[in-house]
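An overview of the molecular structure
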Amino acid sequence: MVTTDTHPYSTLKSWLGVAVITASLFTFVTTELMPVGLLTPVSATLHVSAGVAGLMVTLYGISAGLGVPFIVAWTRRVNRRILLSVLLAVLALGNLLTAVSPNFALVLTTRLVMGFANGVFWAIGVSMAMRLVPGRLAARASAVALSGISIATVVGIPLGTLLESVTSWRATFLIWAGLSALVFLAVTVVVPSMPSENAVPVREVFRLPLQYAQLRLVMVAVTLYVLGHFGAYTFIRPFAEEHASAPAAFISALLVTYGVGGAAGNFIAGYTVTRNPRLSFIIACAGLVTAMLLLLTIGHTRPGLILAIVLWGVSFGAANLCQITLMLGAAPDKFEAAMSINTLGYNTSIALGALFGGWFTDRLGVDSAVWFGVALAGAAVLVTAASRPKATAVVTEEELATSG
């Protein structure tokens, strides 16, 4: 990834481009996680259990994770603006098909295909945002782009839940199909031509963990905390309904609260991550463990639910930004390829987390899915704390400016 201070784009065009990348991330994240707030109505309409409905997240994550190293490598000579446009077109069509699907099998097939587009976006999106601005501002552009996750959790996912409560889950996906199309148009108009840089063949992508020891450690920790998070968070609606008799409107507000926490966590980590990303990541994962334990102990009350979810959002928002910085510190000269490996581990962990969480929920109750999350997030803390920090683990804005 080349980020220099001799920059071809004006300040306005640069940050408009970053804003569109952020909007793209918002659209992808809301599409991926929309089923979290819609599990109950989807399962009722399509006559499947809540655990089976969670496969909408599982299959999406499997294709996003397993396909990304190959697709990114095969498209390594494709202009990144063109590639992003294609990904958004797939997203729009997929949301449309989900909205009109007559059965759960077609929904799962559609989500499987959409997952490939999601995975490729994660591999190229952050690096595109960083390339749009001068090198000294690359870290800031990365943080702005990643704020799309927080915006999705504050606005997108709760809005989807609210729309479902006044219309239907099908109408919700139909609206998101239109939103995906609008972002597609914005990319074609605003984002400048961006020839591929720093992409490598498939065989070299899979060699990266062998070449970079720190990258292996980061990926183990990321896999653990993402497994734990999504194993529990995917089933937050059934948990709230079962333990606190929470109606749909309260769950929407709860998800907004989670998103506000995520935005705060992203903001806080933006200041701490350039100083000590490893410690910041450890604290964030410890926060996840604490939040889930609070959910289990005081989550039967609505104030308890809110407190646990706020801490959960803050911790997860911070962990996401920290792990991106740790990835760049582990392989700064091959960031896009490293992000392919990261996306493989991250999205596969989303899929397996939702799968395992669904298994625990259907067989042992929804509390067991939260305990699963506690165990895995706790393991991420232990693995990171036990590893020896490398000099490359601390990535300042000056180092970001010269990476590539």
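Residues numbered from 1 in each chain as written. Predicted model: local features only at pLDDT ≥ 70, side-chain atom pairs only at ≥ 80, totals over all residues. Heavy atoms only, no water.

Let's talk about the overall build of the protein
Operational definition: A run of H or I in DSSP becomes a helix once it reaches four residues, and a run of E becomes a strand once it reaches two; helices and strands are each numbered from the N terminus. Within these notes, the globule rule equals 2.2 Å times the number of residues to the 0.38 power, and the radius of gyration is based on C-alpha atoms. Working definition: with a 1.4 Å probe on protein chains only, accessible area under 20% of the residue-type maximum means buried, over 50% means exposed, and in between means partly exposed. Exposure was quantified through the Shrake-Rupley algorithm and a 1.4 Å probe, taking into account, for residues, occlusion by the shown protein chains and nothing else. When charges are counted, Lys and Arg contribute as positive and Asp and Glu as negative, whereas His and the chain ends are disregarded. To locate a charge, take atom NZ for lysine, CZ for arginine, CG for aspartate or CD for glutamate.
Secondary structure assignment for the protein yields 16 helices and zero strands. The C-alpha atoms of the protein give a radius of gyration of 20 Å, which matches the 22 Å a tight globule of 404 residues would have. Taken over the C-alpha atoms alone, the protein extends approximately 55 × 45 × 35 Å along its principal axes. In the protein, buried positions account for 60% of the 404 residues. A total of about 14400 Å² of accessible surface is found on the protein, and carbon and sulfur atoms cover 71% of it. Between the mean site of the 21 positive side-chain charges and the mean site of the 14 negative ones, the protein shows a separation of 6 Å.

Overview of the packing of aromatic side chains
Given two aromatic rings, one states the distance between the centres and the angle between the planes to describe the pair. Selection criterion: Only rings of Phe, Tyr and Trp enter the pairing, Trp through its six-membered ring, and a pair is recorded when the two centres are within 6.5 Å. The plane angle decides the type: under 30 degrees is stacked, over 60 is edge-to-face, the rest tilted. The rule for a charge over a ring is simple: NZ of Lys or CZ of Arg within 6 Å of the ring centre, and within 35 degrees of the ring normal.
Evaluated as defined, the whole model comprises ten aromatic pairs. Ring centres of Tyr-225 and Phe-281 lie 5.4 Å apart, and the angle between their planes is 75°; this geometry places the pair in the edge-to-face category. With a gap of 56 residues between them, Tyr-225 in helix α9 (residues 213-233) and Phe-281 in helix α12 (residues 277-298) connect regions that are remote in the sequence. Phe-281 carries the same exposure label as Tyr-225, and that label is buried. When the ring of Trp-359 is compared with that of Phe-360, the centres are 5.3 Å apart and the planes differ by 85°; the resulting orientation is edge-to-face. Judged by relative accessible area, which is 43%, Trp-359 ranks as partly exposed. Taken together, the ring pairs connect Tyr-225, Phe-230, Phe-281 and Phe-316 into an aromatic cluster. The ring of Phe-250 carries the charged tip of Arg-302 above its face, separated from the ring centre by 5.1 Å.

Comments concerning the side chain of Ser-24
Note the following rule: Only heavy atoms enter the contact rule, under which two residues are in contact if any of them lie within 4.5 Å.
In this structure, Ser-24 sits in helix α1 (residues 11-46). For Ser-24, the contacting residues outside a window of four places in its chain are Leu-84, Leu-88, Phe-121, Val-183 and Val-187.

Re a nonpolar patch on the surface
Just so we agree on the cut-off: Residues form patches when they are more than 30% accessible in relative terms and have no salt bridge. Like charges link within 9 Å. Nonpolar side chains (Val, Leu, Ile, Met, Phe, Trp, Tyr) link within 5 Å. Salt bridge criterion: a side-chain nitrogen from Lys or Arg within 4 Å of a carboxyl oxygen from Asp or Glu.
On the surface, Leu-93, Leu-96, Leu-97, Val-100 and Leu-174 cluster together into a nonpolar patch covering about 430 Å² of accessible area. When residues in the nonpolar patch are grouped by element, the largest group, four residues, is from helix α4 (residues 80-100). Position of Val-100 among the secondary structure elements: in helix α4.

A short note on helix α8 (residues 202-211)
Short version of the rule: Of all possible arcs, the one meant is that of the directions from the helix axis to the C-beta atoms.
The complete set of buried residues in α8 reads Val-202, Val-205 and Leu-208. All buried residues of α8 lie within an arc of 105° about the axis, which places them on one face of the element. Every exposed residue of α8 that faces more than 90 degrees away from the buried side is listed here: Arg-203 and Leu-210. Those residues of α8 that are buried lie in contact with α3 (55-74), α9 and α14 (335-364).

Some words on the environment of Val-218
The topology assignment puts Val-218 in helix α9. The sequence separation of Val-218 and Val-52 amounts to 166 residues, and the corresponding C-alpha distance is 31 Å. Val-218 has contacts with Gln-323, Leu-326 and Met-327, leaving out every residue within four places of it along the chain.

Concerning the packing of helix α11 (residues 248-272) against helix α13 (residues 302-330)
Our working definition: To obtain an axis, a line is fitted to C-alpha atoms, over the contacting stretch when the element is a helix, and the angle between two such axes runs from 0 to 180 degrees between their N-to-C directions. In this scheme the handedness of a crossing depends on how the near helix is turned from the far one: anticlockwise by less than a right angle means left-handed, clockwise means right-handed. Under the grouping applied here, Gly and all other residues not named as nonpolar or charged are polar, the nonpolar ones being Ala, Val, Leu, Ile, Met, Phe, Trp, Tyr, Cys and Pro and the charged ones Asp, Glu, Lys and Arg.
At a minimum axis distance of 6 Å, the contact between α11 and α13 shows a crossing angle of 40°. Considering the relative orientation of α11 and α13, their crossing is right-handed. Partitioning the contact of α11 with α13 into residue classes produces 15 nonpolar, eight polar and one charged.

A word on unusual backbone geometry
The phi dihedral of His-47 falls on the positive side, at around 60°, and the residue is not glycine. Mapped onto the secondary structure, His-47 falls in the loop between α1 and α2 (50-53).

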